[in-house]
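# Fold and geometry: a report
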Amino acid sequence: MKTVVLGSGGWGTALSQILCDNGHETYLWSHSPAKAAEMARTRENPLLQGVHLPESLHITGDLDCLKGADLVVSAPPSFAVRETAKKMAPYLTEKTVVVSVSKGIERDTNLRLSQVIQEETGNICKVAVLSGPSHAEEVGIRLPTGCVAACLDVDAARFVQDAFMNDYFRVYTSGDVVGVDRVALAGQTFFGLEGTGRKDVVAVFAVKPAIAKKNFVSADVQAEDADFSDPDIRLSPVPEFA
């Protein structure tokens, strides 16, 4: 599968590494050709210091990398989402899936960022949202993390899930695009906990099975106690697909 990540910040870079780890042909695009060239030379992003980027990751400042992409990850800062969506639109087809991973809302319109993408791309393709209690620097060093892929189209949500899922990055699916988009907005405030290791992630992803099994889950649950392969562990904004 050909995947393109638009936006070379810490989160976009960490997600591009996941896609490489999963064997996809992956391109990381930067709006600055000079930054792209430097990252390609050093195999490092200053925002993820100490993380050596895979040699298989194509780092570029050329938007032609979008040609023939199956999955496009929109990862610029919120103020640049509309401009980036305008640039990507000519390269999209009805078979492309775009996934919004940026946090925030558009300042002047108060639109959710997935809505901004839909406006600028004319709804030519499916637009999903990927968000959750995640930190770029921790994903970069492959600590266990969970996120939710949301789309009104169940096949598109599962497509995103399949693209990103691996042994350290767990992805759940949902049809609640608005809810997951709002998680992206509130995530850094609610989940930005210092000195907690992965307790913030594990506590959230332990809630659903605990309720289902009528068990009490301590907020002090440790990452090593969580079984990320357990199919019963699901985050469930309603409606839930998988």
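What counts, and at which threshold
Residues numbered from 1 in each chain as written. Predicted model: local features only at pLDDT ≥ 70, side-chain atom pairs only at ≥ 80, totals over all residues. Heavy atoms only, no water. Core = buried A, V, L, I, M, F, W, Y, C linked by side-chain atoms within 4.5 Å. Buried < 20%, exposed > 50% of the residue type's maximum accessible area, 1.4 Å probe, protein only. Helix = DSSP H or I, 4+ residues; strand = E, 2+ residues; numbered from the N terminus. Contact = heavy atoms within 4.5 Å. Pairing = 2+ DSSP bridges. Right-handed = clockwise from strand over helix to strand, strands pointing away. Polar contact = N/O pair within 3.5 Å; in protein donor to acceptor, adjacent residues only side chain to side chain. Salt bridge = Lys/Arg side-chain N within 4 Å of Asp/Glu carboxyl O. Axes fitted to C-alpha atoms, helices over the stretch in contact; angles between N-to-C directions. Left-handed = near helix turned anticlockwise from the far one by under 90°. Nonpolar A, V, L, I, M, F, W, Y, C, P; charged D, E, K, R; others polar.

Counting 36 residues, the largest nonpolar core has W11, L15, L71, V73, L130, F164 and F169 as its most contacted members. Take this core: its biggest share by element is six residues, from helix α1 (residues 10–21). Apart from the residues within four sequence positions on either side, L130 is in contact with L15, V99, S100, V101, C147, V148, A149, F164, F169 and V171. If you look at the next biggest cluster of nonpolar residues, it comprises 20 residues, including L63, C65, V72 and V81.

Positionally, V127 belongs in strand β6 (residues 126–131). Considering only alpha carbons, one finds V127 and S74, 53 residues apart in sequence, at a separation of 9.9 Å.

Here the focus is the pairing of strand β1 (residues 2–6). Most of β1 is tucked away, with five of its five residues classed as buried. Burial of β1 is two-sided: the residues K2, V4 and L6 facing one way and the residues T3 and V5 facing the other way are all buried. As paired strands, β1 and strand β2 (residues 25–29) are joined by five bridges and run parallel to one another. Among the inter-strand pairings, K2 is bridged to a residue of β2, identified as E25. The β-α-β motif built from β1, the intervening α1 and the parallel element β2 has right-handed crossover chirality. Sheet topology note: the β1/strand β4 (residues 71–74) ladder contains four bridges and is parallel. When the bridges of β4 are listed, V5 appears paired with V73.

For the rest of this paragraph, the subject is the side chain of S16. Its location among the elements puts S16 in helix α1. Within the structure, the side chain of S16 is placed 2.6 Å from the backbone oxygen of T13, a separation counted as a polar contact. Not counting chain neighbours up to four residues away, the residues in contact with S16 comprise V5, T26, L28 and L57.

For the structure shown, the criterion picks out 10 salt bridges. Residue R142 pairs with D21 through a salt bridge whose shortest N-O separation is 2.8 Å. Placement of R142 in the loop between α5 (136–140) and β7 (145–150) and of D21 in helix α1 is noted, with a sequence separation of 121 residues between them. By relative accessible area, which is 35% here, D21 ends up partly exposed. Within the structure, one salt-bridge network assembled from shared partners comprises R82, E106, E119 and E120.

Even without being glycine, R43 reaches a positive phi, approximately 55 degrees. Relative to the elements of secondary structure, R43 occurs in the loop between α2 (33–42) and β3 (58–60). Backbone geometry places R142, a non-glycine residue, at a positive phi of 65 degrees.

Before going further, it helps to examine the packing of helix α3 (residues 81–88) against helix α4 (residues 113–121). Interhelical geometry of α3 versus α4 gives an angle of 35 degrees and a closest axis separation of 8 Å. For the pair α3 and α4, the sense of crossing is right-handed. Residues V81, R82, A85, K86 and M88 of α3 form the contact with α4, whose participating residues are L113, V116, I117, E119, E120 and T121. Classifying every residue of the contact of α3 with α4 gives six nonpolar, one polar and four charged.

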